[in-house]
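Spelled out, the chains give:
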Amino acid sequence: MSKPYFEFFCPVKTIAGHKALEHMPFELQALGSSRPLIITDVGVRKAGLLEQVLPVFKEAGTEIADIYDNVPPDSSTDTVTEIAALYRSKNADSIIAIGGGSVIDTSKGVNILVSEGGDDIHKYSGAGVLTRPLKPLFVVPTTAGTGSEVTAIAVVSDCKTGAKLPFASQFLLPNAAVLDPRMTLTLPPAITAATAMDAMTHAMESYICLAKNPLSDAYGTQAIRKISENILHVMDNPQDANGRLELALAATMAGIAFSNSMVGLVHALGHALGAICHLPHGICMNIFLPYVLEYNMETSSELIGELLLPLAGPEVYASTPKPMRAERTLQRVRALRDELYERVKLPRRLSETGKVTRDQIPQLAKLSLDEGPVLFNPKEMELAEAIALLERAW
Ligand SMILES: [Fe+2]
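Residues numbered from 1 in each chain as written. Predicted model: local features only at pLDDT ≥ 70, side-chain atom pairs only at ≥ 80, totals over all residues. Heavy atoms only, no water.

Draft legend 1. Representation of the overall build of the protein chain in the model. Secondary structure assignment for the protein chain yields 15 helices and nine strands. The C-alpha radius of gyration computed for the protein chain amounts to 20 Å, which stays within 12% of the reference 21 Å derived for 394 residues, consistent with globular compactness. Taking the principal axes of its C-alpha atoms as reference, the protein chain extends roughly 60 × 45 × 45 Å. Counting only residues that meet the buried cut, the protein chain has 54% of its 394 residues in that class. Pairs at least 24 residues apart make up 77% of the contacts formed inside the protein chain by residues separated by at least 6 positions. Within the structure as shown, the protein chain displays about 16400 Å² of accessible surface, and the carbon and sulfur contribution to it stands at 54%. When the 35 positive and 44 negative side-chain charges of the protein chain are each reduced to one mean point, those points stand 2 Å apart. (Helix = DSSP H or I, 4+ residues; strand = E, 2+ residues; numbered from the N terminus. Rg over C-alpha atoms; globule rule 2.2 N^0.38 Å. Buried < 20%, exposed > 50% of the residue type's maximum accessible area, 1.4 Å probe, protein only. Contact = heavy atoms within 4.5 Å. Areas by Shrake-Rupley, 256 points an atom, 1.4 Å probe, with all protein chains shown as cover. Lys, Arg positive; Asp, Glu negative; His and termini not counted. Charge placed at Lys NZ, Arg CZ, Asp CG, Glu CD.)

Quick look at the structure:
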């Protein structure tokens, strides 16, 4: 039965395909923009990805206002202010973000300042502070994982205090997500694996979380199927453009799913682990996913069992008796992690990271319980349970 009430919102235009980049100038013009500022990072520049983008605009006769290619791995308020000043001095009228989570969040922050005016990003922090549409923002993801191209949130680090400033507003949603496999072809295998497992976690948590709804279910399950069908093939054939496009689509679909249904304990634990031990987000997701599914089995075994269909396909699903499906889902997730470990040593346990000590577990447990996603997990968690789960994941 469907929920008695839910909301679902995603106004982001998806522009996807092997020649998606070529559509950008026209799509920007349709929004009245003719001088985009490109925001990216050194890694994207060094990987030669701008060479895929710039000729497209040259050919279309669209002038690029400027290129800012120095976004740090953790977006900061200083960087946002610096880029906003560049945007104004170059008379830009729109933003193209090319990169991963930090570039996209930074670009969302820049868009607040250049649209609302001023240099103080702090006053726009929080939920629902923005009240009107911002400048056109196109996002070209260069990883297939975060889903930030379709989320209404951004996190920017305060460069003075180190605190993470959250921003949440429907006006932060980009105008378009441009998914072109040429932008992820050179992604190293270890990052391909970690980011795909982030997307897998978004999709699975969206299906199990308390705010799940029929529309997020549709996006989430199809994202799981695409990741499951393509991740190992792409690991073994990194230049396979079709597989890369499938993973990019899956990450965006998982992003649409979780931004409408929230995420749960995998993210709560993962945020704590990332903050304390400075591990990449995708690795944190890969570690905790099966342990959290196991923890949620008591409340959500039927839903976890339903995930076997997109994860393993119709034959496995049909041949597995209903009471066994949830356990089989868990087995498949563990088997996938083993395959990834074999290929790129993607850590499956805290002890395999080399960056966590066992005596940090109580601190990790405590911090994870302060995380917002705890509220959306189907099963509540006390401190002792968090410690026990982290011990199992050791
Ligand atoms: Fe995530």
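Draft legend 2. Representation of the packing of helix 10 (residues 281-306) against helix 15 (residues 383-392) within the structure. One can describe the packing of helix 10 onto helix 15 by two numbers: an axis separation of 10 Å at closest approach and a directional angle of 135°. On the basis of their axis angle, the class for helix 10 and helix 15 is oblique. Considering the relative orientation of helix 10 and helix 15, their crossing is right-handed. Two secondary-structure elements touch here, helix 10 through Phe 288, Tyr 291, Val 292, Glu 294 and Tyr 295 and helix 15 through Glu 385, Leu 389, Leu 390 and Arg 392. Classifying every residue of the contact of helix 10 with helix 15 by side-chain character gives six nonpolar, no polar and three charged. (Axes fitted to C-alpha atoms, helices over the stretch in contact; angles between N-to-C directions. Parallel < 35°, antiparallel > 145°, perpendicular 65-115°, else oblique. Left-handed = near helix turned anticlockwise from the far one by under 90°. Nonpolar A, V, L, I, M, F, W, Y, C, P; charged D, E, K, R; others polar.)

Draft legend 3. Region of the structure containing the pattern of salt bridges. For the structure on display, the rule yields 21 salt bridges. Of the charged contacts in the structure, one is a salt bridge between Lys 90 and Asp 66, with a shortest N-O distance of 3.5 Å. Taken together, the positions of Lys 90 in the loop between helix 4 (77-89) and strand 4 (94-99) and Asp 66 in strand 3 (residues 66-68) put the pair 24 residues apart, joining distant regions of the chain. Under the relative-accessibility criterion, Lys 90 is labelled partly exposed at 32%. Taking relative accessible area as the criterion, Asp 66 reaches 23% and is therefore assigned partly exposed. Here Glu 229 and Arg 225 are joined by a salt bridge, their closest N and O atoms 3.3 Å apart. Highlighted residues: Glu 229 and Arg 225, both in helix 7 (residues 214-236), separated by four residues, approximately one helical turn. Residues joined in a network through salt bridges with shared partners are Glu 22, Asp 180 and Arg 182. (Salt bridge = Lys/Arg side-chain N within 4 Å of Asp/Glu carboxyl O.)

Draft legend 4. Geometry of the coordination of the iron ion. Surrounding the iron ion are the protein donor atoms Asp 198 (OD), His 202 (NE2), His 267 (NE2) and His 281 (NE2), at 2.1 to 2.2 Å. The site at the iron ion holds four donor atoms, and with the angles between them running 83 to 165°, its shape is irregular. Within one chain, the residues serving as donors to the iron ion are arranged as D-x3-H-x64-H-x13-H. In this pair, His 267 is assigned in helix 9 (residues 265-277) and His 281 in helix 10, connecting sequence segments 14 residues apart. Classification of His 281 as partly exposed rests on a relative accessible area of 28%. (Donors = N, O, S within 2.8 Å, 3.2 Å for Na, K, Ca; no water. Tetrahedral: all angles 85-135°; square planar, octahedral: opposite > 155°, others 65-115°.)

Draft legend 5. Seen up close, the sheet that holds strand 5 (residues 126-127). Read across the sheet, three strands follow the order 5-8-7 without closing on themselves; strand pairing throughout is mixed. This sheet does not close on itself; its edge strands, each paired only once, are strand 5 and strand 7 (153-157). Pairing of strand 5 with strand 8 (residues 164-168), which is carried by two bridges, proceeds in the parallel orientation. Its bridge partner being in strand 8, Gly 126 is matched across the sheet by Phe 167. Against the sheet, helix 5 (residues 101-116) engages strand 7 and strand 8, with an angle of about 95° to strand 7. (Pairing = 2+ DSSP bridges.)

Draft legend 6. The arrangement of the domain arrangement of the protein chain in detail. The domains assigned to the protein chain are domain 1 (13-183) and domain 2 (189-393). On a C-alpha basis, the centres of domain 1 and domain 2 stand 27 Å from each other. At the junction of the two partners, domain 1 supplies 13 residues and domain 2 supplies 18 residues. Taken over both partners, the interface formed by domain 1 and domain 2 buries close to 1200 Å², and the fraction arising from carbon and sulfur atoms is 72%. Along the contact surface separating domain 1 from domain 2 lie zero salt bridges. Linking domain 1 with domain 2 are three residue pairs in polar contact (both at pLDDT 80 or more). Looking at the side of domain 1 that touches domain 2, its residues break down into five nonpolar, seven polar and one charged. (Domains from an automatic or database assignment. Buried area = accessible area lost by both parts, 1.4 Å probe. Polar contact = N/O pair within 3.5 Å; in protein donor to acceptor, adjacent residues only side chain to side chain.)

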